[in-house]
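Structural characterization, general
Residue-level listing of the chains:
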Amino acid sequence: MNNYLDPYRDTGLLHLWAERLQKYQGKPLKLMEVCGTHTMAIARYGIRTLLPERIRLVSGPGCPVCVTPSYYINSAVALARRPETIVATFGDLMRIPGDEGSLLEAKSLGADIRVLYSPLDALKIARDNPERQVVLLSVGFETTTPIFALAIDKASQEGLNNFTVLSANKTMPEVLKVLAGDPTVGIDGYLYPGHVSAIIGTRFYEELAEKYGVPGVVAGFEPLDILTAVAALSEICNEGRHTVRNLYTRVVKPEGNPRAVQAMERVFEPADAVWRGIGRISGSGLAIREEYARYDAWKVFDLQIGEYSEPEGCRCGEILKGTKSPGDCPLFGTRCVPENPVGACMVSSEGTCAAHYKYGGIR
Ligand code: SF4
């Protein structure tokens, strides 16, 4: 074996675990994978096709682009249209439809929008263009927020005065509580996100399991990681235990990554946030602290938090709560396709509709 991940793709072991899962005779379960990377991996490896009818795996709100409300895109497009600004962003945000078009459309009409590989690249753009205002679009969970925090901190140390960040960063714990406590969602157990858990650790999940009675398993992203995690979670749920297991110990420690958390907390503080399809959740977002207010694009450009709306007919909201599947949306595969998306779940490389369109198999 050449690749250290090969053992996690061993087809013989995969068949054994799939056979074991097929023998599951316990109560019907609805399990939620919380992370967009899991959503893609589950679809790519056809994990759902290996599960028995009694175990249903639904996708949750763990794709950061998908849960970003339309007013954020509207604000980004409005900023991009200003002649004095350069908007810097990851590529995933480019094609999300806003009320007045997408960033890609704004770019085609002449807006200066640069696609980045790292948020730190935006600092170089600011240094190279002292007469322009560079606005970095910042969307993500605990996994990516520390690097945005680093960019802001570095800008502050350098005294850059033409650099700001339009933040829509969010954190996982509060939305997990909301979904765990919502009887209309009816989750029996969570498949926890490996990346986010590497930062925040596993202790919060234990509190959640105890308080809401929803157990969970932390899983990696290879097919054997996911299949064994589903098997373990099904067993825990069926036995009525409210416990948490970490099956991704090669990456996730109970205490997480305290240095990354400190970097994030130095620059950001908890704030209310609007989640597409779920609504406003107290303390589920991150706002730039007052000490760094000169880097906060919401304040510097006096932008208003707009009304939250879904494109007409789009069911992204229910899909992000795990109460509907992409196949329930009448626009899926007809009016809404990756080349011409209607909603964010079809745009992002981690979106549930995009995963279903590419690989199928989401029931
Ligand atoms: S298929 Fe398109 S329109 Fe339908 S829910 Fe998904 S993203 Fe929204």
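Procedures and definitions
- Residues numbered from 1 in each chain as written.
- Predicted model: local features only at pLDDT ≥ 70, side-chain atom pairs only at ≥ 80, totals over all residues.
- Heavy atoms only, no water.
- Near = heavy atom within 4 Å.
- 1 Å grid on protein atoms, 1.4 Å probe; cavity = no way out; pocket = protein on both sides within 12 Å on 5 of 7 lines; lining within 4 Å.
- Sits in = over half its atoms within 2 Å of the grid points.
- Helix = DSSP H or I, 4+ residues; strand = E, 2+ residues; numbered from the N terminus.
- Nonpolar A, V, L, I, M, F, W, Y, C, P; charged D, E, K, R; others polar.
- Salt bridge = Lys/Arg side-chain N within 4 Å of Asp/Glu carboxyl O.
- Pairing = 2+ DSSP bridges.
- Axes fitted to C-alpha atoms, helices over the stretch in contact; angles between N-to-C directions.
- Domains from an automatic or database assignment.
- Contact = heavy atoms within 4.5 Å.
- Buried area = accessible area lost by both parts, 1.4 Å probe.
- Buried < 20%, exposed > 50% of the residue type's maximum accessible area, 1.4 Å probe, protein only.

A few points about the site of the ligand
The immediate surroundings of the ligand are formed by 13 residues, with Cys314, Arg315, Cys329, Cys336 and Cys353 found nearest. In this structure, the ligand is accommodated by the largest cavity. Of all elements in the fold, only helix H13 (316-320) and helix H14 (344-347) reach the threshold of two or more residues within the shell around the ligand. Along the lines of polarity and charge, the residues of the shell around the ligand split into 11 nonpolar, 1 polar and 1 charged.

Topic: the pattern of salt bridges
Side chains that carry opposite charge are capable of pairing whenever their charged atoms lie near each other. Inspection of every chain in the model, using the stated rule, returns 18 salt bridges. Sharing partners across several salt bridges, the network here consists of Asp112, Arg114 and Arg132.

Concerning the sheet that holds strand S9 (residues 244-246)
Ordered in space as S2-S1-S7-S8-S9, the 5 strands form an open sheet in which the pairing is parallel. Each end of this open sheet is capped by a strand with a single partner; those strands are strand S2 (55-59) and S9. Between one strand axis and the next, the sheet turns through 20° on average, direction left out of account. The pairing of strand S7 (residues 189-192) with strand S8 (residues 216-218) spans 3 bridges and is classified as parallel. Across the sheet, Tyr192 pairs through a bridge with Val218, a residue of S8.

Quick notes on the domain arrangement of the protein chain
Size of an interface, as often reported, equals the accessible area lost when the parts are brought together. Examined at the domain level, the protein chain breaks down into domain 1 (6-62 + 179-246) and domain 2 (70-171 + 256-300). Domain 1 and domain 2 are separated by 32 Å when their C-alpha centres are compared. Counting residues at the interface gives 10 residues for domain 1 and 9 residues for domain 2. Summing both sides of the interface, domain 1 and domain 2 together bury roughly 750 Å²; the carbon and sulfur share of this comes to 74%. Seen at the junction of domain 1 and domain 2, the total is 0 salt bridges.

Some thoughts on unusual backbone geometry
Look at Asp302: it is not a glycine, yet its phi comes out positive at around 50°. Tracing the sequence through the fold places Asp302 in the loop between helix H12 (297-300) and H13.

Comments concerning the environment of Leu208
On the secondary structure map, Leu208 appears in helix H9 (residues 203-212). With relative accessibility at 1%, the residue Leu208 sits in the buried group. Setting aside anything within four residues of it in sequence, one finds Leu208 in contact with Leu176, Lys177, Tyr190, Tyr192, Gly213 and Val214.

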